[in-house]
Structures are given as structure tokens and as C-alpha cells.
Amino acid sequence: MRRKVALGFAMAIATALALAGCGSSSSSSSELAPGAPLKIGYLASLTGFCSSFSQEYVKGAELAVKQINARGGVLGHKLQLEVRDDKATANVGVSQARDLVLSGHAKYLAGTCSSAVGKSVVQLVANPSHVLYVLGVSDPTVFAGGPQIYAFNTIPSATIEGKNAAAYIRAHPQWKRIAVISEDYSYGYQVTAAFKKAMAGSGQTIISQDYVPSGGTDFSPYINKLIAEHPDAVYSTVITEDTVTLVKQGLPLGLFEKTKFFGIMDYGTIDAMPKPPVGVEGYTFYPSVSIYRATGSPFARDLESLGTTAANGGAAGDAFNQIQIIAQGVEKAKSTDPSKVRDALDEATVQTVQGSVKIHKCNHQIAMPIAMGTIVGPSAAQPFAHFEPLTLVDTNKYFEC
Amino acid sequence: MSLATFVGQLFAGLSLAFVLFFTAAGLNLVWGVLGVMNFAAGSVYMLGAYLTTSVIARLGASTLGWTAALVIVPLAVAAMGAVAEVLLLRRTYREEDENQQFMLTLALSYLIAGVVLLVFGTHFRTVSLPELLSGSWNLLGATLPVYTLVTIALGLLVTVAIWVGLYHTRAGLLTRAAVDDREMLSVLGVDVNRVYSAVFAVGIGLGALGGVLIAPQGAVSANLETTALVPAFIVVVTGGLGSMTGALLAALTIGIAQSYATLQDATLAQLTPYAVMSVVLLTRAIVGRSWVIA
Amino acid sequence: MRSFTDGAVTDGGVALALLIVAALLPAVVSTEYVLLAASMIVTALVAVSFNLLFGYTGMFSFGQAAFYGLGAYATVLLMNRAGLSFYLALGGGVGIAVLAGALSGVVLVRMEPVAFIMLTFALGDLMQFVAEHSPSLTGGDDGLIATRLPHDLNVVVDANGVYYPMLAVATVVLVGVFAFVRSRNGLVLRAIREDALRARTLGVAVERRRLGVFTLAAGVAAVGGGLSVLSAQIVYPDVFNWKISANALIVTLLGGVGRFSGPLVGAVLLGLIDFYVGKLTTDTLLVEGAILLAVIVLAPRGVTAVRLRRRSPQASAAATSAAPS
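Rules used in this analysis
- Residues numbered from 1 in each chain as written.
- Chains lettered and ligands numbered in written order.
- Predicted model: local features only at pLDDT ≥ 70, side-chain atom pairs only at ≥ 80, totals over all residues.
- Helix = DSSP H or I, 4+ residues; strand = E, 2+ residues; numbered from the N terminus.
- Buried ≥ 20, exposed ≤ 12 C-beta atoms within 10 Å, placed from the backbone.
- Contact = placed C-beta atoms within 7 Å.
- Rg over C-alpha atoms; globule rule 2.2 N^0.38 Å.
- Pairing = 2+ DSSP bridges.
- Axes fitted to C-alpha atoms, helices over the stretch in contact; angles between N-to-C directions.
- Parallel < 35°, antiparallel > 145°, perpendicular 65-115°, else oblique.
- Left-handed = near helix turned anticlockwise from the far one by under 90°.
- Nonpolar A, V, L, I, M, F, W, Y, C, P; charged D, E, K, R; others polar.
- Expected span 1.5 Å × (residues − 1).
- Core = buried A, V, L, I, M, F, W, Y, C linked by C-beta atoms within 7 Å.
- Domains from an automatic or database assignment.
- pLDDT = per-residue confidence, 0-100.
- Right-handed = clockwise from strand over helix to strand, strands pointing away.
- Arc of directions from axis to C-beta.

### Quick look at the overall build of chain C
Item 1. On a plain count of helices and strands, chain C comes out with 14 helices and two strands.
Item 2. Across the 325 residues in chain C, those meeting the buried criterion constitute 55%.
Item 3. In chain C, of all internal contacts separated by at least 6 residues, the share reaching a separation of at least 24 is 77%.

### Concerning the overall build of chain B
Item 1. Helix and strand content of chain B: eleven helices and two strands.
Item 2. Secondary structure elements in chain B, listed N-terminal to C-terminal, are α-α-α-α-β-β-α-α-α-α-α-α-α.
Item 3. Relative to the globule expectation of 19 Å for 294 residues, the C-alpha radius of gyration of chain B, 19 Å, shows essentially globular dimensions.
Item 4. With respect to the three principal axes, the spread of C-alpha positions in chain B is 60 × 50 × 35 Å.
Item 5. Counting all 294 residues of chain B, 52% fall into the buried class.
Item 6. Put simply, of all contacts in chain B between residues at least 6 apart along the chain, 76% involve residues at least 24 apart.

### A short note on the interface of chain B and chain A
One frequent convention defines the size of an interface as the accessible area lost when the parts assemble.
Item 1. Taken together, the contacts link 30 residues of chain B with 34 residues of chain A.
Item 2. Of all elements in the fold, only α1 (3–34), β2 (142–145), α9 (223–239) and α10 (244–264) of chain B reach the threshold of two or more residues within the side of chain B that touches chain A.

### Re the sheet that holds strand β15 (residues 386–393) of chain A
Residue and element names in this part refer to chain A.
Item 1. If you walk across this open sheet you meet the seven strands as β7-β6-β8-β9-β10-β14-β15, and the pairing is mixed. The sheet terminates laterally at β7 (205–212) and β15, the two strands that pair on one side only. Geometrically, the sheet is characterised by an average inter-axis angle of 20° between neighbouring strands, direction not taken into account.
Item 2. As paired elements, strand β9 (residues 261–264) and strand β10 (residues 281–284) share three bridges and run parallel to each other. Bridge assignment links Phe262 to a residue of β10, and that residue is Glu281.

### Some thoughts on the packing of helix α8 (residues 184–194) of chain C against helix α10 (residues 206–232) of chain C
Residues and elements named next belong to chain C.
Item 1. In contact at an axis separation of 11 Å, α8 and α10 are set at 115° when each is read in the N-to-C sense. On the basis of the axis angle, α8 is roughly perpendicular to α10. Of the two elements, α8 crosses α10, and the hand of that crossing is left-handed. Of α10, the residues touching α8 (which contributes Val188, Leu189 and Ile192) are Val206, Arg209, Arg210 and Val213.

### Examining the packing of helix α3 (residues 90–102) of chain A against helix α2 (residues 31–56) of chain C
Helix packing geometry: the angle between the two helix axes and the distance between the axes.
Item 1. The contact between α3(A) and α2(C) brings their axes to 10 Å, and the two run at 165°. Here α2(C) runs roughly antiparallel to α3(A), going by the angle between their axes. The handedness of the crossing between α3(A) and α2(C) is left-handed. Within the contact between the two elements, α3(A) uses A:Arg98, A:Asp99 and A:Leu102 and α2(C) uses C:Thr31, C:Glu32 and C:Leu35.
Item 2. Along the lines of polarity and charge, the residues of the contact of α3(A) with α2(C) split into two nonpolar, one polar and three charged.

### A look at helix α2 (residues 41–59) of chain B
Residue and element names in this part refer to chain B.
Item 1. Look at α2: 27 Å from first C-alpha to last across 19 residues, which is about the 27 Å you get at 1.5 Å a residue.
Item 2. Buried residues dominate α2, accounting for 14 of its 19 residues.
Item 3. Backbone geometry just downstream of α2 places Gly60 in the positive-phi region, at approximately 90°.

### Let's talk about the nonpolar core
A general feature of soluble globular proteins is that nonpolar side chains tend to end up buried together.
Item 1. Counting 333 residues, the largest nonpolar core has A:Ala61, A:Leu109, A:Tyr133, B:Ala251, C:Ile41 and C:Val235 as its most contacted members.
Item 2. Here this core takes 19 residues from α2(C), the largest share from any one element.
Item 3. The residue makeup of this core includes at least three contributed by each of domain 1 (31–156 + 298–366) and domain 2 (159–284 + 370–398) of chain A.
Item 4. With near-sequence residues (within four places) excluded, C:Val235 lies in contact with C:Ala72, C:Tyr73, C:Val76, C:Gly143, C:Leu144, C:Ala146 and C:Val229.

### With respect to unusual backbone geometry
Residue and element names in this part refer to chain A.
Item 1. The residue after Glu388, namely Pro389, is reached through a cis peptide bond having omega 0°.
Item 2. Looking at the element boundaries, Pro389 is found in strand β15.
Item 3. In this structure, His230 is a non-glycine residue whose phi angle is positive, near 50°.
Item 4. Along the chain, His230 turns up in the loop between α7 (220–228) and β8 (233–236).
Item 5. Note on His230: 11 C-beta atoms within 10 Å, which makes it exposed.

### Structural notes on the environment of A:Ser220
Item 1. Inspection of the secondary structure puts A:Ser220 in helix α7.
Item 2. Taking the C-alpha atoms as reference points, A:Ser220 and A:Tyr57, 163 residues apart in sequence, are found 32 Å from one another.
Item 3. Beyond its immediate stretch of four places on either side in the chain, A:Ser220 contacts A:Gln249, A:Leu253 and B:Ala12.

### A look at the confidence of the model for chain B
Item 1. Model confidence for chain B is summarised by a mean pLDDT of 88, while 96% of its residues fall at 70 or above.
Item 2. In this model, residues 290–294 of chain B is a region of pLDDT below 50 whose contacts with residues beyond four sequence positions or in other chains number eleven contacts.

### A few points about the pairing of β9(A)
Residues and elements named next belong to chain A.
Item 1. Pairing of β8 with β9, which is carried by three bridges, proceeds in the parallel orientation. From the neighbouring strand, Val234 faces β9, where its bridge partner is Phe261.
Item 2. Taken together, β9, helix α10 (residues 267–272) and β10 form a β-α-β motif whose crossover is right-handed.

### Quick look at helix α6 (residues 170–180) of chain B
Spacing of three or four residues puts side chains on the same side of an α-helix, whose turn is 3.6 residues.
All names here are of chain B.
Item 1. Within the span of α6, buried status applies to Thr175, Ala178 and Val179. Take α6 and look down its axis: the buried residues cluster within an arc of 105°, on one side only. The exposed residues of α6 that point more than 90 degrees off its buried face are Arg170, Leu173 and Asp180.
Item 2. Looking at the buried residues of α6, the elements they touch are α1, α5 (146–168), α7 (182–187) and α8 (192–214).

### Thoughts on the pairing of strand β6 (residues 177–183) of chain A
Residue and element names in this part refer to chain A.
Item 1. Judged by how many residues are buried, β6 sits mostly within the fold: six of seven residues are covered.
Item 2. Where β6 meets β7, seven bridges bridge the pair, whose relative direction is parallel. Paired with Glu183 across the two strands is Val212, which belongs to β7.
Item 3. Taken together, β6, helix α6 (residues 186–199) and β7 constitute a β-α-β crossover, and its handedness is right-handed.

### Quick notes on the confidence of the model for chain C
Residue and element names in this part refer to chain C.
Item 1. Averaged over chain C, the pLDDT score is 88; the fraction of residues at 70 or greater is 90%.
Item 2. Confidence drops under a pLDDT of 50 for residues 308–325, and excluding neighbours within four residues, the segment shows zero contacts in the predicted structure.
Item 3. Scoring the predicted complex yields pTM 0.89 and, for the interface, ipTM 0.89.

### Quick notes on the environment of B:Arg170
All names here are of chain B.
Item 1. Among the structural elements, Arg170 can be located in helix α6.
Item 2. Arg170 gets classed as exposed once you count the C-beta atoms within 10 Å, which come to 7.
Item 3. Between the C-alpha atom of Arg170 and that of Gly207, which follows or precedes it by 37 residues, the distance is 23 Å.

Listed below in C-alpha cells is the structure:
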């Protein structure tokens, strides 16, 4: 008897909470009431395999919200951020997204570091749900729905990344034999596939493709294998913690002396290395403040207020951009209706940490520039490992639409 | 395969094997002696790595800093383990409820991960080695990082210490007796509680030692918990629960096999621990020890 | 002296109460909670499958996720590739999992307990590896989108359209399981759990019984996996992840091992905990660990066992007070 009572009690509480909310959300008008806050649900992957920079993402998003509100919000609505942990798992992400929309009345969602979460939540907010989702994931299939979908991507997709790397490698035709090393999951496969496709007909051969287990602690067998193959160049898309492991174990094994190494070298990652691989050429697209000072974007300076080192603004910058894009979309559409905002953002040019950037309607990708350069140690002007010289590549040319 | 590659992969495999062995040895003690499937084995490894970054941050990445970390961190974590054992696990021995023990270690693993996240945040941490240990040597054409050799040397040292401890001390005798027959031990008047606490603490400390050794090899992040947990269980079971010799042999087999397998197919090589374990378990079953046991 | 049917009424009673609440739920709560209940149904099925092996037969399986995931993928593939309707695909998927359970079980049930734990674990992990690395078959970790579902996924979803079919199928399956464990079969399994050697000397075909329950458990887990497709709509390789097997264990232990209603109550409890903790804080690990610890300390044999313990002293007190002075 006691147990049934307890169970009934629990159900009653759940009911009360459910009914205390707005219940079903099928309101006919998608415009916010005047003065009502514009809620943005933020999916932060605080636990799970891609969680390293999640707290930075959150800080970046919070900073954008704070600054936009300091200027009066958008169309008279103040922004309100609600952060949830999606655990980098699709069904948790979906459940949190649904809760944010149904109970939290959020019309806008942002964030996640996991393509699987992104894919499922994009599916969730598909027409006609009137919820817009701005995220930064590398999997291009997440946005396969084309121009109708209610989602936009803030980082270059794996396809763009692969094409850019191929352009760089092709610019060095003396490197005949290329070895590729990537992460052992969809991101690694997609970048490698795009790279291979773009390398077709170059006369340069891809002699091997290796995939390292994400989060692995021992890469020396892979490094030994790479060195033993005597490639002319190595293209690496090993990221975050794994880059650190690769470099730490690669340095004493002579990886960077015995091969010409080129790969993704995010500032937040090389800054964390006790010995960054100086002299190695790399690229990154996370908008670290120090990279984008050159563009003159006022947002670049804003990120410094976060108090992290200038190098570590990368992930925060991406989340900052996501919030900015939502806000600018609302202003362009002169409406808070997500459908109108989506239409306004198609083929729009938006202001980001990286300066002015174009959105491509056909695949809802934002043509974020990719920064490339040679790694040097800290200097007086930039007291952290960075690229020098630094070039910004315009990625619009890699779009097929 | 050239000689250089052969030698290089051999040492890479040995280094991998010994780090595996520490976590497995710790788990072996706790599982074999106390009968507790310690789900927190991966967490204490991760905790050991994180605490190492704190010690090095405080004392500097010098030889002094490192020696301090090597000594302080396992002892500190072992002490925490002893406290957890007395406060939580000990209550379960009376009822001999293995389920409860297992669940307790599971809850502890959540708590440890949660505290680590709270204190250290999501961003991974890194530490560097002292100059002395950062270089590499040449052996038969293979480049061997000094740190790999140090890990192997330490591994052998600790292995020998475990052996001496188990086979040439009274405490070791009691531990082995507890593996064989717990009830007999208490009947003989031994304070079994004290033995359990000590064994648990040592087991936890060994796991943390593995974490200390892995810390400078890459990035220290919450991922360490899961990457350590599963291989530890695999090594223990492959070697035979309760057998230190078995755990060492299993770790060596798996570590070296995986290293060479990577040359063949880097992706499939990840399955090496499972393959070795399955072959050993199935063979053991067929050969007869446990084919028709209830 | 306790008879076999002791507790059957209470056990079945609790399950029945849950069923009634579940049936009436959508009338009382909003969409979101209905979908939460749907996820609890799936969790309960996997936990029941674990309990069949562990609670009733004494076999600690750490690989129920293997059959859960197999049910999910098989269902989606049969829908997408063979053009079957959802229910036919579900049946086919469960059939495939049952077959896999029987084939793997032939070897697995003969292993000693520790080997059994690790090999079932390895089975799940192996299947996850295969699912991740076979993009042409499973889509890899891009996931496999289920086409031809009876209901479209959306934020404002026809929750009842997802929930009631799941509840109906789950009820049918669970009634079958209840009948099974309450029959003589269940008694035999418990005998094997208590002392397999003695059961063997009494003429029980231990390996055959173990294989039977292993196959049954595989089927139950696969039903859970197939049903999960209705609400998830996309299947990812982490349906094989060992954390699902671990979750089944946690849920069963929380609710009460070896009781039919244990996994059901545990699924509801853990589902509510996860949901509210996820809403209220981002320190989910810490809070969930603390709650778990509290439950273990306060209800060591599971929530459904708490009442029984308190009754015994009272019962014995009543007995002694009734005795003639």
C-alpha cells in the first residue's frame, strides 16, 4: 500500500509540474509576445567523448547573450540562455531538446559537439516544428535535408576541410607519397574520403590511411608504422586530446623530423602542449581571438574579456557565433518566428568573430574561413604557440552551390 | 618488417603492457581477494592522472616533481580507497551481498568522475616530462623514447615488489590465503577486516600508479576512465582471476600482440584484447577446468 | 515457512498497478512525460531480460545490449531494405536476435561465471565495433534513419501514437515473461541459481535450461531495441554500448533482483531521476552518483524489497504477542 501511494505521489508531482508549464505548445502564432524573453536552449556536451571544450562553448554563448542584452536585446526581446548536458549521446540530446522546447518554450536551439546529437536533433526540429537550431559539427550529412531544414552549421564541414587540405598538398607536387592519419569515427572517414576525392588526378599517391582510436593512450604503434612507410608528407586530422597524444609520443620518436607533417592544429590544442611541434604546418577553423584580430571584427576583442588566454578563445568563439547568428537572423527577419528567421538567414551575410561571412542556402553551411600557417613558439606579441605567417583561406570556393 | 620496426613495436608493446598491468593488478587484488568487481578501477586511474597534473603544476616538471608525484599520488589515492572501504564497503561484508558491493563501486565511479569534473573542469590537462626523460635512444636502428624504457623499468620493479610482497611476507601470505579461502582465514583468528582494507588500498594505489605513468604520455581527460576500465577487466579475466602471474602474462601478450597487429591493420588491431581473451577463455573451458561445472 | 507463491500476489500486484498507471498516463500528463514513459518501457524490457538471467538463473550477463542493439538494427534494416511494415520488421528483428542468442548461447552458457560476464560483454562490444565499421550495412556512426515508420518524429509529436503501441507490445511480452517465471520453469531456474550441482543431480538439464532462458532473454531485449526505434527514429552504433547493459543491471538492482516487478520499478525510478537531474543541474554525474549511493545504502536489496524487511520484525512481534503466555 505504501509503495503504491509513493508511486501515485510521484505521478502527481510529475503531473503538476507538467501542467504548471504551458502544456501543449501548439500556439498558432510563432511570434513572441512583446517584451517576452527570447529563449535559446544550449546543448553542452559536458560529459562524453567530445567534452573537452564544452565549458568554453558555454562561456562563449553566455558572453554573446550578455553583450546582446546590454545593447537592448533583439527587437526588444532579451535573450535568455538555458544550458543542458546532452552527454554527447543522441537520445539524451533529443530528450533535452524536446524538454527545452516543450517545457522551456525555447524556439531556438544551439550547440552540441556531437554529430550524432546534431543529426537527431535536426531531425527533431524539421518542418513544421518552428524551432531553429544553429550548431557547429563537421558531419555534412547532418544538413543533408538541404535548404528546407531548420538548421545551420557554423564550422566548415568535413568535406570542405578535406578539399582545403587537398588544395594545400596539391600545391606541393614534389610530395609524391602521402600518408593519411585520422580519427576512427565518422569525422575521420569523411575528411579522408573528401581529401582522397579532391586528390584524384593530382599524380600524388595516398599510400596509407590509418585511423586511431579516439581517446587512445598509446599511439606509438601507429607512429612507428607511419615512419616506416617513408611518406613524403603526412596529413593528419587527429584532433583535440588525440593531437596532444600524437605530438607528445611523436616527438621522441622523430615523427616531425622524419616526415613532413601537416594537419589540423587548433590553437587551444597546441597551446596546451608543453612542447608544441614548432615548424610544423597546420590549419584550424575554430575562431580563436588571436587569429581573427586581423579581420577587425569587434567581436574578436570581446572574447578577450573571457579571461582565458587569447589562444583558447576558439571553442568559445564558435558558440559566440551561434548566438550572434540567431540574433542577426531575428533582426534581419524583423520577426521572432523561426520560419521567417530561417528564410532571412538563407544566403545572408552575417557578422561573426571571423568577420563577414556568407551563408550558402543550398546546404545551410556558413563559409567560415580556415586559418593556415606554420607553428611557432610564444612571442612577445602573442605569448602562446601560434601560426606565423598566418593566411586566411576563403572557403567559398569549395562550395558546389 | 625491418629489424628497426620489430624492435620499435616490441618496446611500444612492452610499455603498453606494463601500464595495463598496473590497473589490472589493482583490480586483480580487489576482485580476487575481496570478491568485489571494482567498477571504479578506471576512475582511480583517471584520478591518479589528474592528481599528477596537480602535483606537477605545484612542484614543477622537474625530476623532483616527478619523483614526488610517483610517491605521493598513489599513496594519497590508496588512502582515499582505504577510507571508502571502511565507510562503505565494510558494511556489505556481513551480508556478503556482492550486488551491493558492485553497485557501491559503480556509485563511487560516478562520484569520482563528478568531483573531477567539478574541480578540474572539462578541458584536458597536460604535463611535461623533465628534460632527463624526454629524449630517445637508438637500439638496433629503432628509436626508443627514454620514457618508454622508464615505464618498462618501473613496471618490472613494481612487479618484483608485488611478488616479494605476496610470496615473502606474512601480509602476502594472508592475502593469498584470503583468495583461496576467506572463511578459513577468519576461523584461524585473522582480523580479516584489516586484511581487506589493506588489500583494497594497495589495489587502488596500483590503479592510481598506472594513471601517474600515463599522464605525461598524452592528454589527461575524463576519457581515461573508460579507456582504462575495460582493458583492465580483460587482462584480469584472461590471466585468471586472482593470479598475478596470469595478469602479467596476459598484459604482456595483449600489449605486444596489439602493437604488432597495428602494423597489419590499425583498425582491427583494436580488437586484439577481445580476441586474446576469447581464445584463452574458450580454450580454458574446453581443456576442462570448467566445462561441466555448475 | 515461505511457499513458492509467497510474494507472487504482491509482485504481480505492483506490476499490475504500474500497468494501470501506464495505461492512463497520457490522459493526465503532457507529451513530454508520455515520451519519458515510453523510454522507461524500453529500459524496463532490457532490465527484465537481464533479471531473467541474473535474478532468476544466477547468470550475470553483461551483454544484453548486444541483443537490444540487434533488435533495433534488424528492425530498421528490415523496414528500410525489405520494405516490411514496422510490426513485421519488429517480429523479424526479434527472431534474428533470438537466433543469435541461441547460437551464441550454446557456447556461452557453458562458461564459468566470470568468463560468462566477460564474454557477454565482449559480444556487445564486438557488435558495436562491427556496427561502427560497416557503413554500407549500418551507416556507421552516422546512424541509420528508419524510413517507413508509422509515425513521424517531431518536437510536437503524436506521443500517444508512439506510446500506446509500445505499451501494448511490451505488456504482451511481459505477461508472457510473468507466466514463465511463475510457472514450474521459473522454479527450476531458481533451483539452478541456488545450487546448480544439486539441480543437476536431481535430473535438471542445466545447460539446456540455461540456453533456453538465455535465448528468451535475448528475445526480450530485442523487443526493447525494436520498440526504441519508434521513438528514436535513428539507430546509432551506441545501441550496443556496454553502458546499456550496465544500466540494465543498475535498474534491476535498484528495483529488486529476482522479483518480476523489480526491473519495472527500477526503470521508473531511474527514468525519473535521470530526467529531473538533467533538468535541474549540469553536474549530473555528481548528483546521480550521490542518489545511487543513497539508494544502495538505504535499500540494499532494491526498492521493492524494502517493505518486506520492515514487515518481518512486525510479523514476528505479532506472532510472539499472539503466543500463549
